[in-house]
Amino acid sequence: MTQCNTAPKIAERGEPGAKSWLAIELRLVADVGFLGKPNAGKSTLLAAASAAKPKIANYPFTTIVPNLGICNVGEDGAGLILCDIPGLIEGAAGGAGLGPVFLRHVQQCKVLLHVVDGSSEDPIGDFTTINGELEQYDPFLAQKPQVVVLNKIDIPEVKEKNYELMERLRAAAGHSRVLSISAVTTERVQELMGRLKKFADAQPVVDLPPVPEIDLGKAGLDYD
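Residues numbered from 1 in each chain as written. Predicted model: local features only at pLDDT ≥ 70, side-chain atom pairs only at ≥ 80, totals over all residues. Heavy atoms only, no water.

(A) Expanded view of the overall build of the chain. Scanning the chain from N- to C-terminus turns up seven helices and eight strands. Within the chain, the proportion of its 224 residues that are buried is 41%. The long-range fraction of contacts in the chain, counting pairs at least 24 apart against all pairs at least 6 apart in sequence, stands at 66%. As displayed, the chain offers around 13,300 Å² of accessible surface, 54% of which is attributable to carbon and sulfur atoms. (Helix = DSSP H or I, 4+ residues; strand = E, 2+ residues; numbered from the N terminus. Buried < 20%, exposed > 50% of the residue type's maximum accessible area, 1.4 Å probe, protein only. Contact = heavy atoms within 4.5 Å. Areas by Shrake-Rupley, 256 points an atom, 1.4 Å probe, with all protein chains shown as cover.)

(B) Layout of the nonpolar core. In this structure, Leu45, Leu80, Leu82, Leu113, Leu192, Met193 and Leu196 are the most contacted members of the largest nonpolar core, which totals 24 residues. Among the secondary structure elements, those contributing two or more residues to this core are strand S2 (32-35), helix H1 (42-49), strand S3 (67-73), strand S4 (78-84), strand S5 (111-117), strand S6 (146-151) and helix H7 (189-201). It is H7 that provides the largest number of residues to this core, a total of five residues. Once residues lying within four places of it in the same chain are set aside, the contact partners of Met193 are Leu45, Ala49, Cys71, Val73, Leu80 and Leu82. If you look at the next biggest cluster of nonpolar residues, it comprises 12 residues, including Ile85, Leu88, Leu103 and Leu134. (Core = buried A, V, L, I, M, F, W, Y, C linked by side-chain atoms within 4.5 Å.)

(C) How the structure looks around the pattern of salt bridges. Enumeration according to the criterion identifies nine salt bridges in this entry. With its nearest N and O atoms 3.9 Å apart, the salt bridge here joins Lys159 to Glu187. Here Lys159, found in helix H5 (residues 156-160), pairs with Glu187, found in the loop between strand S7 (178-180) and H7; they are 28 residues apart in sequence, far enough to count as distant. Two residues, Arg170 and Glu167, come together in a salt bridge whose shortest N-O distance is 3.0 Å. With a gap of three residues between them, Arg170 and Glu167 both fall in helix H6 (residues 162-173), about one helical turn apart. (Salt bridge = Lys/Arg side-chain N within 4 Å of Asp/Glu carboxyl O.)

(D) Quick peek at the side chain of Asn67. You can see Asn67 is positioned in strand S3. Accessibility expressed as a relative area gives 19% for Asn67, which makes it buried. Once residues lying within four places of it in the same chain are set aside, the contact partners of Asn67 are Leu46, Pro54, Leu82, Cys83 and Asp84.

(E) Seen up close, unusual backbone geometry. Residues other than glycine seldom take positive phi values, yet Lys152 does so here, at roughly 75°. Its place among the elements puts Lys152 in the loop between S6 and H5. Overall, Lys152 belongs to the buried group, its relative accessible area being 19%.

(F) Seen up close, the packing of helix H3 (residues 123-137) against H6. Interaxial distance between H3 and H6 falls to 10 Å at its minimum, and their mutual angle equals 20°. Looking at the two axes, H3 sits roughly parallel to H6. Here the hand of the crossing between H3 and H6 comes out right-handed. In this structure, H3 contributes Pro123, Ile124, Phe127 and Thr128 to the contact, and H6 contributes Leu165, Arg168, Leu169, Ala172 and Ala173. Taken together, the residues of the contact of H3 with H6 sort by class into seven nonpolar, one polar and one charged. (Axes fitted to C-alpha atoms, helices over the stretch in contact; angles between N-to-C directions. Parallel < 35°, antiparallel > 145°, perpendicular 65-115°, else oblique. Left-handed = near helix turned anticlockwise from the far one by under 90°. Nonpolar A, V, L, I, M, F, W, Y, C, P; charged D, E, K, R; others polar.)

(G) Representation of H6 in the model. For H6, which comprises 12 residues, the first-to-last C-alpha distance of 16 Å matches the rise-based estimate of 16 Å (1.5 Å per residue) to within 8%. Those residues of H6 lying buried are Asn162, Leu165, Met166 and Leu169. Each buried residue of H6 sits inside an arc of 100° when the element is viewed along its axis, so together they form one side. Within H6, the exposed residues directed more than 90 degrees away from the buried face are Tyr163 and Ala171. Where H6 is buried, its residues meet S5, H3, S6, H5 and S7. (Expected span 1.5 Å × (residues − 1). Arc of directions from axis to C-beta.)

(H) Fine view of the side chain of Asp117. Position of Asp117 among the secondary structure elements: in strand S5. In terms of polar contacts, Asp117 uses its side chain to reach the side chain of Lys152, at 3.2 Å. Among residues more than four places away in sequence, those in contact with Asp117 are Asn39, Ala40, Pro123, Asn151 and Lys152. (Polar contact = N/O pair within 3.5 Å; in protein donor to acceptor, adjacent residues only side chain to side chain.)

(I) Examining H3 more closely. Between the first and last C-alpha of H3 there are 21 Å, a value that for 15 residues agrees with the 21 Å anticipated at 1.5 Å per step. Taken together, the buried positions of H3 are occupied by Pro123, Ile124, Gly125, Asp126, Phe127, Ile130, Glu133 and Leu134. Next to the buried residues of H3 lie S2, S5, helix H4 (139-142), S6 and H6.

The structure is reproduced here in structure tokens:
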């Protein structure tokens, strides 16, 4: 059919077509991605810093899908996009727990916020375990800049050990981007968000590793 020949009277037999199943992933884009063990207080922090309403409860794996929130920082109302994913556990790199399924959603984040449960039996061990799982799962993700927060300082036992835990976290992290907060009472949450905004804005744009390409010529297509 052409502009001059709008009603052609001949037609050619079409060639066989091909079909194939393709998997397409949609990855969330955020400034800051939350990491940590289950029940570390990531969803509580997201709710305290934004208008998001994630499910919050006192048992592990309350979060089963990624949650996004926007925190307005500063007088100009500049938004900081936050992404909370399910908690990670030991063995996550091998598929244990829910977190590995969603780690790809924080690959495009500028900064990772590592939330450490101050009431845990071994907060420093939790921190090193999660970083070890990140390294095994995706070295690119493990190299992303991190900010570490010691959560639940509203608990008297945690507040008593605050100074000691902070010193040990700084030593384990190898940097001074460590802050103690209480997501429940929102103590120092706004200060944290302000620091995160400045730190995220200062990060250079880093290209993601190339996505593996599929050679459709070798994919065993089904022909009509």
